[in-house]
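Understanding the architecture of this molecule
Listed below are the residues making up each chain.
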Amino acid sequence: MAKEAPPVRLDDALDRVGFGRSQIEILIVCSAIMMTIVTETMGMSIILPAAKCDLKLGSADQGLLQGATFLGIVMVSYVCGYLSDTRGRRKIMMYSLYATSVCALASSVANSTVLLLVLRLLAGICISAPSATVFAYLGEFCPPVKRSQIISFGSVWGMLAMVYVALFGWWVLSYNWVREISTEYSFKPWRLLFLVYNLPGLLSAIALSWLPESPKFYYSAGQTGKALAVLKHCYRRNKGTDIGFLVEKLEPESIQTAQKKGIFASLWSQTVPLLKWPMVLYFSAVCLQQISAFAAYGGLGLWYPELMNQLTNAETELTVCAAVEESFAKKNLMNSTTTEVCSSVIHQSTFIYLMIMGLFGTCCALLSALLLGKFNPKMLGRVNFLLAAISGILLQFTSNRYLIIALFCCEIILAGYCMVLINMCSVAIFPTQVRAMAVSLSLMMARLSSFTFSSIVGFVMEENCAATFYMFSSILAIGVLLSFLLPK
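Definitions and cut-offs
- Residues numbered from 1 in each chain as written.
- Predicted model: local features only at pLDDT ≥ 70, side-chain atom pairs only at ≥ 80, totals over all residues.
- Heavy atoms only, no water.
- Disulfide = S-S within 2.5 Å.
- Helix = DSSP H or I, 4+ residues; strand = E, 2+ residues; numbered from the N terminus.
- Buried < 20%, exposed > 50% of the residue type's maximum accessible area, 1.4 Å probe, protein only.
- 1 Å grid on protein atoms, 1.4 Å probe; cavity = no way out; pocket = protein on both sides within 12 Å on 5 of 7 lines; lining within 4 Å.
- Points joined across faces, edges and corners; volume = space filled by probe spheres on them.
- Nonpolar A, V, L, I, M, F, W, Y, C, P; charged D, E, K, R; others polar.
- Patch = residues over 30% accessible without salt bridge, like charges linked within 9 Å, V, L, I, M, F, W, Y side chains within 5 Å.
- Areas by Shrake-Rupley, 256 points an atom, 1.4 Å probe, with all protein chains shown as cover.
- Salt bridge = Lys/Arg side-chain N within 4 Å of Asp/Glu carboxyl O.
- Expected span 1.5 Å × (residues − 1).
- Contact = heavy atoms within 4.5 Å.
- Polar contact = N/O pair within 3.5 Å; in protein donor to acceptor, adjacent residues only side chain to side chain.

1. A closer look at the state of the cysteines
Across all of its chains, the model carries 1 disulfide by this definition. The disulfide partner of cysteine 321 is cysteine 465, and the S-S distance across this bridge is 2.2 Å. Disulfide cysteine 321-cysteine 465: torsion about the S-S bond near -80 degrees, hence left-handed. Residue cysteine 321 is found in helix H14 (residues 320-337), and its partner cysteine 465 is found in helix H19 (residues 465-482); the two are separated by 144 residues along the sequence. The same class applies to cysteine 321 as to cysteine 465, namely buried.

Laid out in structure tokens, this is it:
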């Protein structure tokens, strides 16, 4: 009688599955999801200027609509982390992406500021689940040695999404057709952009129907048989046969009991492990790092096209702050002497600057993906935080247009990519049963930081431009120090 093979740890089983066709398919779908997260949030920076005359949007209205998606993400991140950890990664992402598509369709026909505000808030609520879950889902199919590198390759598409937003925005808004539906409603190109920007999300939702659930989710829920079935499926996709996969049984893990409790008790049970030492230290450090990264990425990033336009409109080469002061002086003079006429024309330079930033971010993400084969994400995050902080300081002392663009891209993109590296650290640090919750809560802090800083940047910059950039550099420097609190 043949001796029964001993149980195998999940990570060892993933090493035997290897990396191949199955992981590549999952990587492609997760890349599209990462694109959707960016297009749903950053796409509003293109849509709102084009829609402001039709919807009679003031500056305050645009700021509120811009932040509504981020606010929606913040509102339900906690619950989304719980659902992902207790109900399954794939199912929650798929349903959320379909709901996001419905919100995009409804947004394209919204004809009032209040209705559009509600719909963008709902879109943020829907996209919150994929934004927190996609990193865990992708990483849990990969062998441990390749996990960080694969997540980094997936995040490249998050950077390419900025190019997608700019390129399709430029193309669609180059047309001036109007489809009159009624006397009070007409369909214009800016409405079509809601659907174009949501397309990656709709396609990825459909694709998720054919992908398996995370084996780590099943494993942590005590369903080792289902976890083993997923691993065999992945091996079969990679090798074309079941022969050679010698894992017959997985070493069991403690059974997740959160699903058998009430929702509030279950939410609390998901949170308690994060409040115990040393997890509370790591969790606090991760949250504060996300706040640091998103303060610069979201807070300053949303102002990047406007600041570059002010530099472009300057008659001579000026530093960023000199151009800002000149722009504010001209605006105050015009407001006192002329009546403002609504214009929804977006200058070509806005699209070009966004594409430059997206391409720069793509190159950085590819380089980081290659470096992750030799360095850990904590070390790369430390370097990114430091370089972003230094770039913000150097911006005060140059008037060369090309150098300013390069420094802006370094500060904003490197800060934004720190978010990806922090999520990689989270995937490695936190146990499976609370991993999505930890990522969700840290991203909730990050989105709230982005919403807050993007709201105050205009006011602070008008009062003291130099102090604004020093503030962001100081916040990024704190991110460097916090990295020393994370485990090896």
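2. Describing empty space enclosed by the protein
What the rule picks out here adds up to 5 cavities of 30 Å³ or more. By volume, the largest cavity amounts to about 300 Å³. Lining the largest cavity are 21 residues, and of these Met34, Ile37, Val38, Tyr297 and Met419 lie nearest its centre. Every element with two or more residues in the lining of the largest cavity is listed here: helix H2 (21-42), helix H6 (113-139), helix H7 (147-173), helix H12 (279-300), helix H17 (401-429) and helix H18 (432-463). When residues in the lining of the largest cavity are grouped by element, the largest group, 5 residues, is from H2. Here the lining of the largest cavity is composed, by residue class, of 13 nonpolar, 7 polar and 1 charged.

3. Some points on the layout of surface pockets
Size it by volume and the second largest pocket reaches roughly 430 Å³. Ser148, Asn376, Pro377, Met424 and Ala428 are the residues nearest the centre of the second largest pocket, which is lined by 22 residues in total. Per element, the largest residue contribution to the lining of the second largest pocket is 5 residues, and it comes from H17. In terms of residue class, the lining of the second largest pocket is made up of 13 nonpolar, 4 polar and 5 charged.

4. Concerning a nonpolar patch on the surface
Residues Leu367, Leu371, Phe375, Met379, Val383, Leu386, Leu387, Ile390 and Leu394 make up a contiguous nonpolar surface patch of roughly 740 Å² in combined accessible area. Every element with two or more residues in the nonpolar patch is listed here: helix H15 (348-371) and helix H16 (377-394). For methionine 379, the position within the fold is in helix H16.

5. Some points on H16
In this model H16 runs 26 Å from its N-terminal to its C-terminal C-alpha over 18 residues, within 8% of the 26 Å that 1.5 Å per residue would give. Next to the buried residues of H16 lie H7, H12, H15, H17 and H19. In this structure asparagine 376 caps H16, since a side-chain oxygen of it lies 3.1 Å from the backbone nitrogen of lysine 378.

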